[in-house]
Amino acid sequence: MSLSPPRLAVVTGGIGGLGTEICRQLARAGRHVIAVDLATREERLAAFRQELADSHDAVTFEPADVSDFDSCQQLISRIEQQHGGVEILVNAAGITRDVSLRKMTPQQWHELMQVNLDGVFNMCRPVVEGMTARGFGRIVNISSVNGQTGQFGQTNYSAAKAGVHGFSMALARETARKGVTVNTVSPGYCDTPMVAAVSAEIRQQIVDGIPVGRLGSPADIARAVCFLAADDAGYITGANLPVNGGYFMSF
Ligand code: CAA
């Protein structure tokens, strides 16, 4: 009996707050994981390798800038030549530029859009044809509770994250008959550097409003990503999976 090779997963923001744990859990689930992040974050690579020491062989690093379409195209063709077709894509790269709209500069708007929304297009576009041609694909885009509710100081972030879900629903329709699912996971406030950057006072107010009574852990989010990326999750598409400790409940 011949065993099929592990599925190839690409995780953007792969050495970031949520991305590292997503890489770890995908590797533990038997995937061959390529963590994509900015080359300039290479100084974080040593720490990343250490954190992932237990899944060392299954996770490799590739530099790319998700806000740059050419960089993403080159990345995907490099990966496809070296490792084969991308079967799982997790778009977890994201930034904040928190400031109220009355003070927001066009640069703070565009920088955020280029990473958080254009980045999803730039990565999905070069993988989607291969996935549909092979008849299998799992795309999981990280949105946010703040895309669902809006947040003071986040007109840019909330718009991009709501856009990520709209994008995902549309692409889900285009690929549904070809074995490719497209979903979003919407994290609430998690124990990451991004949330640590919020002032202690505001963060405490937020935690007070979380029914579960704590920040989420990156593992809480990675668990949801792995669920949607599983081979047998083929009937879930165009969905948003909120993982927010009850901070925002809806149906
Ligand atoms: N709600 C209500 N009023 C608020 C407020 C809030 N959350 N934050 C500030 N204000 C008030 C201030 O008290 C102040 O009032 P006065 O003018 O009467 O003094 C005024 O609004 C300040 O307005 P500014 O225009 O000066 O605000 P600012 O441009 O300095 O920005 C901010 C304020 C730093 C963005 C602050 O609102 C903030 O930290 N907001 C929360 C941002 C946040 O939650 N980010 C999440 C990051 S993590 C993440 O995004 C991950 C994820 O997916 C969940």
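Analysis parameters
Residues numbered from 1 in each chain as written. Predicted model: local features only at pLDDT ≥ 70, side-chain atom pairs only at ≥ 80, totals over all residues. Heavy atoms only, no water. Helix = DSSP H or I, 4+ residues; strand = E, 2+ residues; numbered from the N terminus. Buried < 20%, exposed > 50% of the residue type's maximum accessible area, 1.4 Å probe, protein only. Contact = heavy atoms within 4.5 Å. Near = heavy atom within 4 Å. Polar contact = N/O pair within 3.5 Å; in protein donor to acceptor, adjacent residues only side chain to side chain. Areas by Shrake-Rupley, 256 points an atom, 1.4 Å probe, with all protein chains shown as cover. Phe/Tyr/Trp six-rings, centres within 6.5 Å; stacked < 30°, edge-to-face > 60°. Lys NZ or Arg CZ within 6 Å of the ring centre and 35° of its normal. Salt bridge = Lys/Arg side-chain N within 4 Å of Asp/Glu carboxyl O. Expected span 1.5 Å × (residues − 1).

Turning to the environment of Gly-17, a few remarks are in order. Considering the arrangement of structural elements, one finds Gly-17 in the loop between strand E1 (8-12) and helix H1 (19-28). In this structure Gly-17 comes out as partly exposed when scored by relative accessible area, which is 37%. A C-alpha to C-alpha distance of 8.9 Å links Gly-17 and Cys-190, two positions 173 residues apart in sequence. Excluding its chain neighbours within four sequence positions, the residues that come into contact with Gly-17 are Thr-192, Pro-193 and Pro-218.

Near the ligand, the surroundings consist of 20 residues, among which Asp-98, Ser-100, Ser-144, Tyr-157 and Tyr-189 are the closest. Contacts to the ligand include Ser-100, whose side-chain N or O atom sits 2.4 Å from an oxygen atom. Measuring from an oxygen atom of the ligand, one finds a side-chain N or O atom of Gln-151 at 3.3 Å. For the ligand, whose accessible area on its own is 1000 Å², the fraction buried by protein is 61%. Mapped onto the shell around the ligand, the elements with two or more residues apiece are helix H8 (193-196) and helix H9 (200-208).

On to the packing of aromatic side chains. If you walk through the whole model with that rule in mind, you get two aromatic pairs. Considering the side-chain rings of Phe-69 and Phe-121, the 5.7 Å spacing of their centres and the 20 degrees angle between planes classify their relative orientation as stacked. Of this pair, Phe-69 sits in helix H3 (residues 69-83) while Phe-121 sits in helix H5 (residues 118-134), and the two are 52 residues apart along the sequence. A residue is classified by how much of its surface remains accessible, and Phe-69, at 27% relative accessible area, is partly exposed. When its relative accessible area of 40% is taken as the criterion, Phe-121 is described as partly exposed. Pairing Tyr-189 with Tyr-247 gives two aromatic rings, centres 5.7 Å apart and planes at 75 degrees, and the pair type is edge-to-face. Residue Tyr-189 is located in the loop between strand E6 (180-187) and H8, and its partner Tyr-247 is located in the segment after strand E7 (240-243); the two are separated by 58 residues in the primary sequence. Tyr-247 gets classed as partly exposed once you look at its relative accessible area, which sits at 27%. A cation over an aromatic ring shows up here: Arg-7 above the ring of Phe-136, its NZ or CZ 3.6 Å from the ring centre.

This part covers the pattern of salt bridges. Taken as a whole and assessed by the stated rule, the structure comprises nine salt bridges. For Glu-87, the salt bridge is made with Arg-7, and the minimal N-O distance between the two is 2.6 Å. Taken together, the residues Glu-87 in the loop between H3 and strand E4 (88-91) and Arg-7 in the segment before E1 connect sequence positions 80 residues apart. Between Arg-125 and Glu-129 there is a salt bridge, with its nearest N and O atoms 3.6 Å apart. Of this pair, Arg-125 and Glu-129 both sit in helix H5, four residues apart, which is roughly one turn of that helix. Judged by its relative accessible area of 40%, Arg-125 falls in the partly exposed class. On the basis of relative accessible area, Glu-129 is assigned to the exposed category, the value being 55%.

This part is about helix H10 (residues 218-229). Across its twelve residues, H10 extends 16 Å between first and last C-alpha, which sits within 8% of the 16 Å expected from 1.5 Å per residue. Taken residue by residue, H10 has Pro-218, Ile-221, Ala-222, Ala-224, Val-225, Cys-226, Leu-228 and Ala-229 as its buried positions. Structurally, H10 contributes buried residues whose contacts are with H1, E4, strand E5 (137-142), E6 and E7.

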